[in-house]
Amino acid sequence: MRKQRFSALLSRVGQCVCLLALLAACGRPAPTEKKADGKAARQGDSLVITDEVRLPCTPVKQQGHSSLCWIYAMLATIETEHLVQGDSVNLSPVYLTRQYLSTEAEAYYFAQGKGRLSQRGMAPMTLHLIGRYGVQPYDYYHAHQNVNMNVLWRRVGKLARTAATRRMGVETYRRQLDDLLDQELGFMPRYVHMLGAEYTNGEFGRSVCLADEWVALTSFTHHPYGTRFQLEVPDNVMDDTFLNVPLDTLMAIIDRSLGNGHPVCWEGDISEEGFSFQKGFGRLKEEGDAARRQREFESFQTTDDHCMVLVGLARDNAGRRYYLAKNSWGTGNRFGGYMYLSEDYVRLKTICIVAHHDQL
């Protein structure tokens, strides 16, 4: 009996650990591991990976203790798109983070502290934020490096609840919120000065990202192909619609985009045993097809855990294909913050992508 109780306890502990790992997937801090030398051919386990396509990128960023990968990945996608065109652009995730937090916190204030403030979202939300608030260069505003966003979110939530309870008024609350964010994140510039000209944040945002430049796509069989639908995942808080295409078409769009010099923002599941940031790989032993994708989506085996940008194509010494992904967990793995996702992994575990409209 004692053995049975101990086994049951171990089972429950294991289940809790797995659940916590899933909840923290996007926001976990990157572990430290020796970086590779940056050459095209790299040793990973017993495999040698050779890059066939590798698009230019800005330096790998660190999202820290946050679940804001969707902002980091979409901005990294826009950055690479401009670098390919010869235009040097490095954008500030903390600027959009501050705007998003301020907007959500005000709604939380008017709800009198009911519900909760969440950091979760999807890549198309970043495009909405750019359309509404514009964007700033990274060099203008990057104080997030030393800030624990989870702690800041809690402090902002407490401020909003207190302000609502004391009925101090929305203007007073806004001033207190701005003071807190200035203290934690630094003062936010009102203008962008570039090439001898002055731009508002909105004008600069429109210069780096047009409203219809990017298209969100997915591939599931519970909606007709060729139609748009609201993807049924918890992170789709803005009820964004995604163009539903056959799986082979989705993969072809990714291949065509990368081959033509366009990055692809990728969202998908990273809870598989074959996904390891430390090793730098996301691999599966089994092949992915549309039927299996659907089953795993409906049984919550494939969930919307994380967002990265695909910036290259590669093969291993056995001829298997991989997609090179730029992550936002810092540079502390063997590929300097990059990862290689196998073709089967991408086929089975992709929730959605955001691709340049020219590649559809």
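Everything quoted here is computed from the prediction, not taken from an experiment.

Trainee: What exactly am I supposed to notice about the pairing of strand S12 (residues 321-326) here?
Mentor: Successive residues of a regular strand alternate their side chains across the two faces of the sheet. With respect to burial, S12 is a largely interior element, six of its six residues being buried. What you see with S12 is no split at all: Arg-321, Tyr-323 and Ala-325 on one side and Tyr-322, Leu-324 and Lys-326 on the other are buried throughout. Pairing geometry for strand S11 (residues 306-316) and S12, over six bridges, is antiparallel. Across the sheet, the residue bridging to Leu-310 is Ala-325, located in S12. Between S11 and S12, which pair antiparallel in sequence order, lie four residues; one of them, Gly-319, sits at a positive phi of approximately 90°. Direction of pairing for S12 relative to strand S13 (residues 338-342): antiparallel, over a ladder of five bridges. Looking at the pairing, Ala-325 lines up with Met-339 of S13.

Trainee: Can you help me understand empty space enclosed by the protein in this one?
Mentor: One way to see where empty space is left: roll a probe the size of a water molecule over the atoms. Applying the stated criterion across every chain yields a total of two cavities of 30 Å³ or more. Within this model, the largest cavity holds a volume of roughly 100 Å³. Along the wall of the largest cavity there are 14 residues; nearest its centre are Tyr-72, Ala-73, Ala-76, Lys-326 and Ser-328. Of all elements in the fold, only helix H2 (69-84) and S11 reach the threshold of two or more residues within the lining of the largest cavity. For the lining of the largest cavity, the element with the highest residue contribution is H2, accounting for five residues.

Trainee: Just to check I follow, could you spell out the environment of Glu-79 for this structure?
Mentor: Assignment of secondary structure puts Glu-79 in helix H2. Residues Glu-79 and Cys-57, 22 residues apart in the sequence, show an inter-C-alpha distance of 7.0 Å. In contact with Glu-79, not counting residues within four places along its chain, are Thr-58, Lys-61, Val-89, Asn-90, Leu-91 and Lys-326. Side-chain polar atoms of Glu-79 contact the side chain of Lys-61, separated by 3.3 Å.

Trainee: What exactly am I supposed to notice about the nonpolar core here?
Mentor: Taken as a class, soluble globular proteins show a tendency for nonpolar side chains to be buried jointly. Grouped together as the largest cluster of nonpolar side chains are 61 residues, with contacts concentrated most on Leu-152, Val-156 and Leu-231. Of all elements in the fold, only H2, helix H3 (93-110), helix H4 (123-133), helix H5 (149-165), helix H6 (170-185), helix H7 (201-208), strand S5 (214-218) and strand S14 (350-356) reach the threshold of two or more residues within this core. Not counting chain neighbours up to four residues away, the residues in contact with Val-156 comprise Leu-101, Ala-105, Leu-117, Leu-177, Leu-180 and Leu-181. Leu-250, Met-251, Leu-310 and Tyr-322 belong to the second-largest nonpolar core, a separate cluster that totals 43 residues.

Trainee: Please explain the packing of aromatic side chains as it appears in this structure.
Mentor: Aromatic ring pairs are described here by two measures, namely the spacing of the ring centres and the angle between the planes. Going through the model one piece at a time under the given rule, you end up with ten aromatic pairs. Between Phe-281 and Phe-335, the ring centres sit 5.7 Å apart and the planes meet at 85°, which makes this aromatic pair edge-to-face. Of this pair, Phe-281 sits in strand S10 (residues 281-282) while Phe-335 is found in the loop between S12 and S13, placing the two residues 54 residues apart along the sequence. Judged by relative accessible area, which is 1%, Phe-281 ranks as buried. Residue classification places Phe-335 among the buried positions, given a relative accessible area of 6%. A network of ring pairs unites the aromatic residues Phe-281, Tyr-322, Phe-335 and Tyr-340 as a single cluster.

Each value, and the rule that gives it
Residues numbered from 1 in each chain as written. Predicted model: local features only at pLDDT ≥ 70, side-chain atom pairs only at ≥ 80, totals over all residues. Heavy atoms only, no water. Buried < 20%, exposed > 50% of the residue type's maximum accessible area, 1.4 Å probe, protein only. Helix = DSSP H or I, 4+ residues; strand = E, 2+ residues; numbered from the N terminus. Pairing = 2+ DSSP bridges. 1 Å grid on protein atoms, 1.4 Å probe; cavity = no way out; pocket = protein on both sides within 12 Å on 5 of 7 lines; lining within 4 Å. Points joined across faces, edges and corners; volume = space filled by probe spheres on them. Contact = heavy atoms within 4.5 Å. Polar contact = N/O pair within 3.5 Å; in protein donor to acceptor, adjacent residues only side chain to side chain. Core = buried A, V, L, I, M, F, W, Y, C linked by side-chain atoms within 4.5 Å. Phe/Tyr/Trp six-rings, centres within 6.5 Å; stacked < 30°, edge-to-face > 60°.

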